[in-house]
Amino acid sequence: MTEREHQLDLRLVPAALVSWGVMLLGLHAGWRCAVVVAVVLACVGTVLAVPILVRRRTGADARGSRWAMIAAGLLAATLIGSGFAVAIAVRTHAVEAHPLAERAEAGGSATLSVIVDDDPKPLRSAGFGGGRQLMIRASLRAVTDRGTEIRAGGAVLVFAEGPEWAALLPGQRLTLRGRLDTPQRSDLTVAVVRATGPPSGVGPPPVIQRWAGAIRDRLATATAAALPADQAGLLPGLVVGDVSALPQEVKDEFTAAGLSHLTAVSGANISIVLGAVLLVVRGIGVGPRAGALLAGVALAAFVVVARPSPSVLRAAAMGCIALLALTTGRRKQAIPALAGSVIVLLALFPALAVDFGFALSAAATAGLVLVSPVLVERLRARGWPRWLAETWAVAVAAFVVTAPLVAAMSGTVSVVSIVANVLVAPVVAPITIVGAVTAILASVWLPAAALVVRIAGPPLWWLLEVADRAAAVPGGTVVVAGGLTGAVIVSVGVVLAGLAMRYRSSRRMLLALGIGVATIWVPTRLYSPGWPAAGWRFVACDAGQGDGLVLAAGDGRAVVVDAGPEPRAMDQCLRRLGVDEIALVIITHLHADHYGGLDGVLGDRAVGAVAIGPADLPRGGFRFVSAAASRAGAGLLRLEPGRELTVADLRMTVLGPLVPTPRDPAAADDAANDGSLVIMAETPAGRILLTGDVEESGQRALLRSGVSLRADVLKLPHHGSRTTAPEFLAAVRPRVAVVSVGADNLFGHPNPGIVAKVGALGAVTMRTDRDGDVAVVRSGSGALAVVGRSHGTIVR
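Predicted, not measured: the structure shown is a model, and the values here were computed from it.

Before going further, it helps to spend a moment on the overall build of the chain. For the chain, the count of helices and strands is 29 helices and 26 strands. Residues classed as buried in the chain amount to 47% of the 796 residues present. Look at the contacts in the chain between residues 6 or more apart in sequence, and 70% of them connect residues 24 or more apart. Roughly 35,600 Å² of accessible area belongs to the chain as shown, and the carbon and sulfur atoms make up 63% of that amount.

Quick look at the sheet that holds strand β20 (residues 686-690) now. Taken in spatial order, the 7 strands make up an open sheet running β17-β18-β19-β20-β21-β22-β23, and their pairing is mixed. The sheet is open, and its two borders are formed by β17 (644-647) and β23 (764-767), each paired with just one other strand. With direction set aside, neighbouring strand axes in the sheet form an average angle of 20°. Bridging between β20 and strand β21 (residues 713-715) involves 3 bridges; their strand directions are parallel. Bridge pairing links Leu689 to Leu714 in β21.

Right, let's talk about a nonpolar patch on the surface for a bit. Among the surface-exposed residues, Leu484, Val488, Val492, Val495, Leu496 and Leu499 lie close enough to one another that they form a single nonpolar patch of about 580 Å² accessible area. Of the residues examined, Leu496 reaches a relative accessible area of 52% and is grouped as exposed.

Looking now at the nonpolar core. The biggest cluster of nonpolar side chains holds 37 residues, and the ones touching the most others in it are Trp536, Val539, Val585 and Ile587. The element best represented in this core is helix α21 (residues 567-577), accounting for 5 residues. Once residues within four sequence positions are removed from consideration, Ile587 is found in contact with Asp562, Ala563, His594, Tyr595, Leu598, Val610, Ala611, Ile612, Gly613, Val625 and Leu677. Judged by nonpolar contacts, the second largest core, of 35 residues, contains Leu219, Ala226, Val305 and Val428.

Right, let's get into the pattern of salt bridges. Opposite charge on two side chains makes pairing possible when the charged atoms of those side chains draw close. For the structure shown, the criterion picks out 20 salt bridges. Across the pair Arg216 and Asp119 runs a salt bridge, and its minimum N-O distance is 3.6 Å. Taken together, the residues Arg216 in helix α7 (residues 207-226) and Asp119 in the loop between β1 (109-116) and β2 (121-126) connect sequence positions 97 residues apart. In this structure, Arg216 and Asp119 share a single accessibility class: buried. Here Arg619 makes a salt bridge to Asp616, at a shortest N to O gap of 3.4 Å. Assessed through its relative accessible area of 43%, Arg619 is described here as partly exposed. Members of the salt-bridge network, linked through shared partners, are Asp181, Arg194 and Arg722.

Okay, a positive patch on the surface next. Together, Arg378, Arg382, Arg502, Arg504 and Arg508 give the surface a local cluster of positive charge. Inspection of the secondary structure assignment puts Arg382 in the loop between α14 (356-381) and α15 (386-410).

Attention now moves to the pairing of strand β5 (residues 155-161). Where burial is concerned, most of β5 is hidden: 5 out of the 7 residues are buried. Pairing of β5 with strand β7 (residues 189-195), which is carried by 5 bridges, proceeds in the parallel orientation. Within the sheet, the bridge partner assigned to Leu157 lies in β7 and is Val192.

A few words on empty space enclosed by the protein. Across all of its chains, the model carries 1 cavity of 30 Å³ or more by this definition. Within this model, the largest cavity holds a volume of roughly 40 Å³. Secondary structure elements with two or more residues in the lining of the largest cavity: β1, β3 (132-145) and β6 (173-181).

What follows covers unusual backbone geometry. A cis geometry characterises the amide bond from Leu617 onward to Pro618, with omega recorded as -5°. As for its placement among the helices and strands, Pro618 is situated in the loop between β15 (609-612) and α24 (619-631). Cis peptide bonds are those with omega within 30 degrees of zero, and the linkage from His749 to Pro750 qualifies with -5°. At His718, a position not held by glycine, the phi torsion is positive, near 50°. Structurally, His718 can be placed in the loop between β21 and α27 (726-732). Here His718 falls in the buried class, since its relative accessible area comes to 13%.

Right, let's talk about the environment of Ala609 for a bit. You can see Ala609 is positioned in strand β15. When the C-alpha positions of Ala609 and Ile582 are compared, they lie 8.4 Å apart, and in sequence the two are 27 residues distant. Excluding residues that lie within four positions of it along the chain, Ala609 makes contacts with Ala583, Leu584, Val585, Ala634, Gly635 and Leu637.

Along helix α9 (residues 248-256), the residues classified as buried are Val250, Lys251, Glu253, Phe254 and Ala256. Residue Gly258 follows α9 closely and has a positive phi angle near 75°.

Across the chain, the average pLDDT comes to 83, with 86% of residues at 70 or higher. Model confidence for the chain, summarised as mean pLDDT per element, is weakest for strand β26 (residues 792-795) at 40 and strongest for β21 at 97. Long-range and interchain partners of residues 1-6, a stretch whose pLDDT sits below 50, account for 3 contacts in this model, where long-range means more than four residues apart. The low-confidence segment residues 791-796 (pLDDT under 50) makes 17 contacts with residues lying over four places distant or belonging to another chain.

At a closest axis distance of 8 Å, the pairing of α9 and helix α18 (residues 457-471) adopts a crossing angle of 70°. Classified by the angle between their axes, α9 and α18 sit roughly perpendicular to one another. Where α9 crosses over α18, the two elements pack in a sense that is left-handed. For the pair formed by α9 and α18, the contact residues are Val250, Glu253, Phe254 and Ala256 on the first element and Leu463, Leu464, Ala467, Asp468 and Ala471 on the second.

Throughout the structure, instances matching the rule amount to 4 aromatic pairs. Considering the side-chain rings of Tyr595 and Phe624, the 4.9 Å spacing of their centres and the 40° angle between planes classify their relative orientation as tilted. Taken together, the positions of Tyr595 in helix α22 (residues 592-595) and Phe624 in helix α24 put the pair 29 residues apart, joining distant regions of the chain. With relative accessibility at 27%, the residue Phe624 sits in the partly exposed group.

We now examine the environment of Glu566. Tracing the chain through its elements places Glu566 in the loop between β12 (558-563) and α21. Distance in space between the C-alpha atoms of Glu566 and Gly596 is 5.0 Å, their sequence separation being 30 residues.

With that settled, consider the packing of α14 against α15. Running from N to C, α14 and α15 cross one another at 145°; their axes reach a closest spacing of 7 Å. Crossing hand, α14 versus α15: right-handed. Split by residue class, the contact of α14 with α15 holds 21 nonpolar, 3 polar and 3 charged.

Attention now moves to the side chain of Asp242. Within the secondary structure layout, Asp242 lies in the loop between α8 (229-240) and α9. Among buried charged residues, Asp242 stands out as having no salt bridge; its nearest opposite-charge side chain is Arg216, 4.2 Å away. Discounting residues that sit within four places of it in the chain, Asp242 has contacts with Arg216, Gly233, Pro236 and Gly237.

When a strand is regular, its side chains alternate between the sheet's two faces. Among the 5 residues in strand β24 (residues 774-778), 4 count as buried, and that is most of the element. Relative to β24, strand β10 (residues 538-540) is paired through 3 bridges, and the arrangement is antiparallel. In the strand pairing of β24, Phe538 is matched with Val776. For β24 and strand β25 (residues 784-788), the ladder comprises 5 bridges, and the chain directions are antiparallel. The residue of β25 that forms the bridge with Val777 is Ala785.

Judged by its relative accessible area of 11%, Asp119 is buried. Sequence-distant contacts of Asp119, defined by excluding residues within four places in its chain, comprise Met135, Leu168, Leu169, Pro170, Arg216 and Arg307.

Rules used in this analysis
Residue positions are counted from 1 within each chain, in the order its sequence is given. In keeping with the predicted nature of the model, local features appear solely for residues at pLDDT of at least 70, side-chain atom pairs appear and are counted solely at 80 or more, and the whole-chain, interface and lining totals rest on all residues. Computation of side-chain values covers all heavy atoms of the structure but excludes hydrogens and water. Per the convention used, a helix needs a DSSP run of H or I reaching at least four residues, while a strand needs a run of E reaching at least two, with both numbered from the N terminus. Note on classification: 1.4 Å probe, protein chains only; a residue is buried when its accessible area is under 20% of the maximum for its type, exposed when over 50%, partly exposed between these limits. In what follows, residue pairs with any heavy atoms lying within 4.5 Å of each other are defined as contacts. Methods summary: accessible areas were calculated by the Shrake-Rupley approach with a probe of 1.4 Å, and residue burial reflects only the protein chains presented. For two strands to be treated as a pair, DSSP must find no fewer than two bridges joining them. Interaxial angles span 0 to 180 degrees and are taken between N-to-C directions of axes, which are lines fitted to C-alpha atoms, for helices over the stretch in contact. For patches, a residue must show more than 30% relative accessible area and have no salt bridge; joins then use 9 Å for like charges and 5 Å for nonpolar side chains, namely Val, Leu, Ile, Met, Phe, Trp and Tyr. By definition, a salt bridge exists where a carboxyl oxygen of Asp or Glu is found within 4 Å of a side-chain nitrogen of Lys or Arg. Only buried residues count toward a nonpolar core. Its members are Ala, Val, Leu, Ile, Met, Phe, Trp, Tyr and Cys residues joined through side-chain atoms within 4.5 Å. Under the convention used here, Asp and Glu are negative, Lys and Arg are positive, and both His and the chain ends fall outside the count. By convention, the charge on Lys lies at NZ, on Arg at CZ, on Asp at CG and on Glu at CD. In this analysis, the protein atoms alone were mapped onto a 1 Å grid. Cavities are point sets where a 1.4 Å probe fits without being able to get out; pockets are open sets with protein on both sides within 12 Å along at least five of seven lines; lining residues have an atom within 4 Å of a point. Grid points are joined across faces, edges and corners, and a volume is the space filled by probe spheres set on the points. pLDDT gives the predictor's per-residue confidence on a scale running from 0 to 100. For classification, angles of less than 35 degrees are called roughly parallel, those exceeding 145 degrees roughly antiparallel, those between 65 and 115 degrees roughly perpendicular, and all remaining angles oblique. A crossing counts as left-handed when the near helix is turned anticlockwise from the far one by less than a right angle, and as right-handed when that turn is clockwise. Centres within 6.5 Å make a pair out of two Phe, Tyr or Trp rings, where for Trp the six-membered ring is used; the pair is then stacked when the planes are under 30 degrees apart, edge-to-face when over 60, and tilted otherwise. Ten residues, namely Ala, Val, Leu, Ile, Met, Phe, Trp, Tyr, Cys and Pro, are considered nonpolar, four, namely Asp, Glu, Lys and Arg, are considered charged, and the remaining ones, Gly among them, are considered polar.

See the structure below:
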């Protein structure tokens, strides 16, 4: 093979990278910046075009030469990038000028007419009413505000709960009423809507979506009838990305083991399905054109069943490219196909530029095309069997190219993911194929589908077992900095490790270093030295996106203020603290991110009573809390402003709520935050102000009351959201601010502006998403000390 045949065609790569960069810049910096970039790129393209035209006219152009390839690639990049800059400028300007944007900034409510774009996605946290919270992407059609209907398009993100929302299918038209908020991501979303009731005027789904939904439902029915619950929830996720029935514990294990990509529709799904179809048609002697047609039909059917959302279309494009590279070995053709797909997908769906899933998919495909073959050759040269070399090469290549992106996205790196992916590699394809056959049979005859799906039982057991064991490895997930810093750190680490693996001496040094780190790291993961902090008086538990707070009473008992969104996290936090007896559990308000973990607090512990505020709205929250208290044999108390409570050396005063409670249950959800109990706790470690989710109107009511809000420690209201008044912070003037917040939450908490205002007051800010459980103590010298279980001690 000639050198030219070996040479990769990279001409479209600069265009893809520039287009992606331009999209990112326009989405984050705004339309004005995008216009400037468009002009600059157009000028650069003009400058580049002149010498190319001159060389062509004089006959000096050496077609296929390295210079010509580079020049052509740069010229295409500037021209295509300029066009993308103009397009994103138009789109971002339309979002900024949208009539709903101003209403969202003000935080009001509106009635919207929308079309559902994708299946409702269940979130980890419960909804405000106690049910499972759902995230729904939709396209706006009209806005009704103050009796005036405005026709307008744009993308909205809806958060809702209830069976009516869970049953929606893509393509359905509906009307909803909700509270508006600004989007936290720059992805062309016009507004975030928190629905305050069920949808109305729900139209029928399109025929094709009704057919796809029926197949998904029948697949879930067949698996549930033949497999254990965890396997039945996993199989639809592996086949069509449907994880609605997958237990949260299994999701967490897959994430920790680096296997979560298996439960999302990816290029691997497409590759397996198309590969199986091509093998069958080749085996029965069908010609290449007919085989290609059948593969195309199979791909179209799969995309419809898995939903033709941007993420699925992305996976289809990447899967076809990966299959092309694997079946033909022609990396030269795969690279321009990959770059071209990126350009086309970004043109059709600009929001993919800020989608981590898109970045991970593109990077993994590039790693499969570029890195994996090199690793296979080197391993084969060392005597590895081809099948083993290919398995390891794919896993290592995927890890190397995606680890920096994962670090930027989540601030973590799974060090067990390579081994876990190698161990499960042999069973992924059989499970996917059996699942696809089951889905086809389920659409015509459920008993046959339930019989066939049993074949997937042993492979599914192995997959779950590997995920469980890998997630249990101490130190298997390493916490790093998030964002660009984390990406750079991991990238440097990967490069250094790759260089070290090239030489025998450095490999030995790397092995010795790994053993040394493991010797220290593993014991600290099994047992956290110095925790619980000696003499702790207040702990904010790392309970996810919600509040879970513990006050020590000084006599071995504790007072728990809020219980977080789910039981397991709170139970584990209390176990780490050694809390077996709880004098009082206080639920500041009846939103599920504050009471959802109540069973984890009450279970196997002696509890004196459960207390709530003056309101019993929302009704779902009141029923949940009262039922949990009844099961635990604890009384239910009402706390009013002015009430004082004393437990040993802990004294608490109820300062709020001071805003009127709405009588209309429909308005209770919106008003519940300002109905939060606000409590001042007097402890040996100082004054601690616990604020629930009280927002600006509730905070200003406290300021008007004249009560002293000065405190040493402030639990920042509403997870540090932007609904905190600057004058409230100034009145408290804390030395320590604690933010109870979930990692990578969808609400953008805490708000950077609020965190900056707290810092300007001279306060130390600790966050549960970064610091883990946070404890407040008094040091031996009498100074206030704050201890983060993950990140040591800060003393002020």
